[in-house]
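In case you want the letters, here they are:
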Amino acid sequence: MIYFMALAFAVGLGVPIAVLGAGLGQGRAAAAALEAMARQPELQSKLQTSMILALVFIESLVILSLLVFLLLNGKMPDAAAVLQAVSANK
């Protein structure tokens, strides 16, 4: 029973934490790239390419966490089955 409780906790908090971290990382990466573009406008195309590549890598981690969420969500038992197991243990 504790396994299902831990699984529900991981499913419920894993993706939001990953999305929050990715959002902060994307914001910092974009801010640093824009600062660099403001300081050296002649390197704008190279900086823009590196920024887009960095944002793609960050976003791929969010997509991976969504995939893990969907896989773990499939392992969750039906609510009726959990309630039946709890009532049987009383």
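Cut-offs and rules
Residues numbered from 1 in each chain as written. Predicted model: local features only at pLDDT ≥ 70, side-chain atom pairs only at ≥ 80, totals over all residues. Heavy atoms only, no water. Helix = DSSP H or I, 4+ residues; strand = E, 2+ residues; numbered from the N terminus. Expected span 1.5 Å × (residues − 1). Buried < 20%, exposed > 50% of the residue type's maximum accessible area, 1.4 Å probe, protein only. Axes fitted to C-alpha atoms, helices over the stretch in contact; angles between N-to-C directions. Parallel < 35°, antiparallel > 145°, perpendicular 65-115°, else oblique. Nonpolar A, V, L, I, M, F, W, Y, C, P; charged D, E, K, R; others polar. Contact = heavy atoms within 4.5 Å.

(A) Spotlight on helix α2 (residues 44–75). Between its first and last C-alpha atoms α2 spans 47 Å; for 32 residues at 1.5 Å apiece the expected length is 46 Å, and the two agree. Of all the residues in α2, the buried ones are Met-51, Ile-58, Val-62 and Ser-65.

(B) Inspection of the packing of helix α1 (residues 2–39) against α2 at higher detail. Two elements in contact, α1 and α2, have axes whose closest approach is 9 Å; the angle formed by their N-to-C orientations is 175°. Relative to α2, the element α1 is oriented roughly antiparallel. When grouped by side-chain class, the residues that make up the contact of α1 with α2 number 18 nonpolar, six polar and two charged.

(C) Representation of the environment of Leu-72 within the structure. By the secondary structure assignment, Leu-72 is in helix α2. Leu-72 gets classed as partly exposed once you look at its relative accessible area, which sits at 27%. Through-space distance from the C-alpha of Leu-72 to that of Ala-29 is 30 Å; in sequence the pair is 43 residues apart. Ignoring sequence-local partners within four residues, the contact set of Leu-72 consists of Leu-7 and Val-11.

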